[in-house]
Amino acid sequence: MAAVVTGAEDPIFAAIKAHKAAVRNSNAATAESHRLVALADAAVGPSSIQVLDLYGPGAPRTYVMVNCWIDLEKYVSPETDAELYQHCRAELDEQKHRHHQYLESISPNGDIDSVGDEEYAAEWDVAGELEDTVPTTLSGLLAMLSYLGEAAKIDRGGIFEDVGVLFNSLAEAAQTSKAAG
């Protein structure tokens, strides 16, 4: 309790600030990845193909977009429509290859899969530091609980999933305490 009442600078505020910065960087990396995919989609088409839904209800038949062989099998049977399935599968593989090749040509270091790796890893590291930081003041405790409650609500990568429910409850209590006092 002595640490909570000292006037020393609470380390949780720096940890929250660092996490917010890491989230911004991670979001920017995700936006860049989406931008690159959109460029590839515009240049060579998406990494999917359109196929006729042979099993859908009634007429006229509709076309659906598929982007993997599992989805393709929902609409074209490899057993009963083997020739059509092989044709569609080859077309899908070719389109995915064209899309991937284009993405690789416009990606940093020629590797679309590495876009954001550093930022995502940094976000995980900083989240771990945030979780390990113990507030030393009551205002720091309230700030931590409020921030982690909000972060758990928008957690995209499962960083806070183990503690999300607890933090949501505690965040509500902290926000109520803030409002009351």
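For the structure itself, look to the data block above.
Just so it is clear, the model here is predicted, and its values are computed rather than measured. (Residues numbered from 1 in each chain as written. Predicted model: local features only at pLDDT ≥ 70, side-chain atom pairs only at ≥ 80, totals over all residues. Heavy atoms only, no water.)

Enquirer: Teacher, can you tell me more about the pairing of strand E2 (residues 63-66) here?
Expert: Each regular strand shows side chains that alternate between the opposite faces of the sheet. The side-chain alternation of E2 yields one buried face, formed by Val 64 and Val 66, and one unburied face, formed by Tyr 63 and Met 65. In terms of strand pairing, strand E1 (residues 49-52) meets E2 through four bridges, oriented antiparallel. Bridge pairing links Gln 50 to Met 65 in E2. (Buried < 20%, exposed > 50% of the residue type's maximum accessible area, 1.4 Å probe, protein only. Helix = DSSP H or I, 4+ residues; strand = E, 2+ residues; numbered from the N terminus. Pairing = 2+ DSSP bridges.)

Enquirer: Looking at this structure, I do not really get the packing of helix H2 (residues 11-44) against helix H6 (residues 138-153). What am I missing?
Expert: The angle between the axes and the distance between the axes are what describe a pair of packed helices. Where H2 contacts H6, the two axes come as close as 9 Å, and the packing angle between them is 25°. Considered as vectors, H2 and H6 are oriented roughly parallel to each other. Crossing handedness for the pair H2 and H6: left-handed. Contacts between H2 and H6 involve Ile 12, Phe 13, Ile 16, His 19 and Lys 20 on the former and, on the latter, Ser 139, Gly 140, Ala 143, Met 144 and Tyr 147. (Axes fitted to C-alpha atoms, helices over the stretch in contact; angles between N-to-C directions. Parallel < 35°, antiparallel > 145°, perpendicular 65-115°, else oblique. Left-handed = near helix turned anticlockwise from the far one by under 90°. Contact = heavy atoms within 4.5 Å.)

Enquirer: Hey, could you run me through the packing of H2 against helix H5 (residues 117-132) in this one?
Expert: Between H2 and H5, the least distance of the axes is 9 Å, while the angle of their chain directions is 160°. In terms of orientation, H2 lies roughly antiparallel with respect to H5. Of the two possible hands of crossing, H2 and H5 adopt the one that is left-handed. Of H5, the residues touching H2 (which contributes Ile 12, Ala 15, Ile 16, Ala 18, His 19, Ala 22, Val 23, Asn 25, Ser 26, Ala 29 and Thr 30) are Glu 119, Tyr 120, Ala 122, Glu 123, Val 126, Ala 127 and Leu 130. Taken together, the residues of the contact of H2 with H5 sort by class into twelve nonpolar, four polar and two charged. (Nonpolar A, V, L, I, M, F, W, Y, C, P; charged D, E, K, R; others polar.)

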